[in-house]
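If you want the building blocks of each chain, they are given just below.
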Amino acid sequence: MSTTATPTNPGPIPIPLVIGLDLSLTSTGIAGVDWADALRPRATLRGHARIDWHLREIRERTRRADLVLVEGPSHGHGRQAFHHELAGLWWHVTHMLWQRGIPYAVVPPSCRIVYACGRANPAKDFPAKGRSLVAKGMVRDAVVQRYGLECEGAGRYDKADAAVMAHMGRDWLGQPVAPVPQTHRRALEGVAWPEQAETATDGL
């Protein structure tokens, strides 16, 4: 008597935990696809103590992550105060992820903005004075409109930036939360994804 094999039910496809990080000494944005927060240390913390505070917070919140997207440095801000300390924080965080075997991607700031707004300078038609703040607001508005994720209060722009990166990661993994126009998705091509990230950071 012949028998017919019954297909095995593969079960639900696991949903990866993707986290975006917009590193800052005073207000680090950290987000998943459905939540966003800003890590804001006490104003009295400086130097090693401030970096250590960030590392503890980020380590706890990324311990189950399948992929972390970290914003890369903005080379135009190289002469800002505390740039040296911020670079140290960036390397400490990415090294911690590397040590723990958590894949991470490096996202140029312009790619994050393109993914959110469709172009790298969405506020170019506004007066130069205040243009940067208008662009930040546009990114935050895009997060609300496309994903329904409100980013309010202190660190709201940092939260929105991190949320955009979390969604970029889900998109790259083939599990986008919402449709994104190709004019925006082209930004994924400029990201140093896990297999490229270590090579990309050699030149930072």
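Look up a bit, the structure's there.
In this report, we go over the structure that sits alongside the text.

Reading guide: rules and limits
Residues numbered from 1 in each chain as written. Predicted model: local features only at pLDDT ≥ 70, side-chain atom pairs only at ≥ 80, totals over all residues. Heavy atoms only, no water. Axes fitted to C-alpha atoms, helices over the stretch in contact; angles between N-to-C directions. Helix = DSSP H or I, 4+ residues; strand = E, 2+ residues; numbered from the N terminus. Left-handed = near helix turned anticlockwise from the far one by under 90°. Contact = heavy atoms within 4.5 Å. Nonpolar A, V, L, I, M, F, W, Y, C, P; charged D, E, K, R; others polar. Pairing = 2+ DSSP bridges.

1. Notes on the packing of helix H1 (residues 47-62) against helix H2 (residues 83-99)
Next up, step 1: Between H1 and H2, the shortest axis-to-axis distance is 10 Å and the interhelical angle comes to 30 degrees. Both H1 and H2 take part in a crossing whose hand is right-handed. Residues Gly 47, Arg 50, Ile 51, His 54, Leu 55, Ile 58, Arg 59 and Thr 62 of H1 form the contact with H2, whose participating residues are Glu 85, Gly 88, Leu 89, His 92, Val 93, Met 96 and Leu 97.
Next up, step 2: Class assignment of the residues belonging to the contact of H1 with H2 gives a composition of 7 nonpolar, 5 polar and 3 charged.

2. A word on the sheet that holds strand S5 (residues 104-107)
Next up, step 1: The strand order across the open sheet formed by 5 strands is S3-S2-S1-S4-S5, and the pairing between neighbours is mixed. One side of each edge strand has no neighbouring strand; the edge strands of this open sheet are strand S3 (36-39) and S5. On average, each strand axis in the sheet is inclined to that of its neighbour by 20 degrees, with strand direction left out of account.
Next up, step 2: Pairing analysis gives 4 bridges linking strand S2 (residues 28-31) to S3, with the strands arranged antiparallel. Paired with Ala 31 across the strands is Ala 36, a residue of S3.

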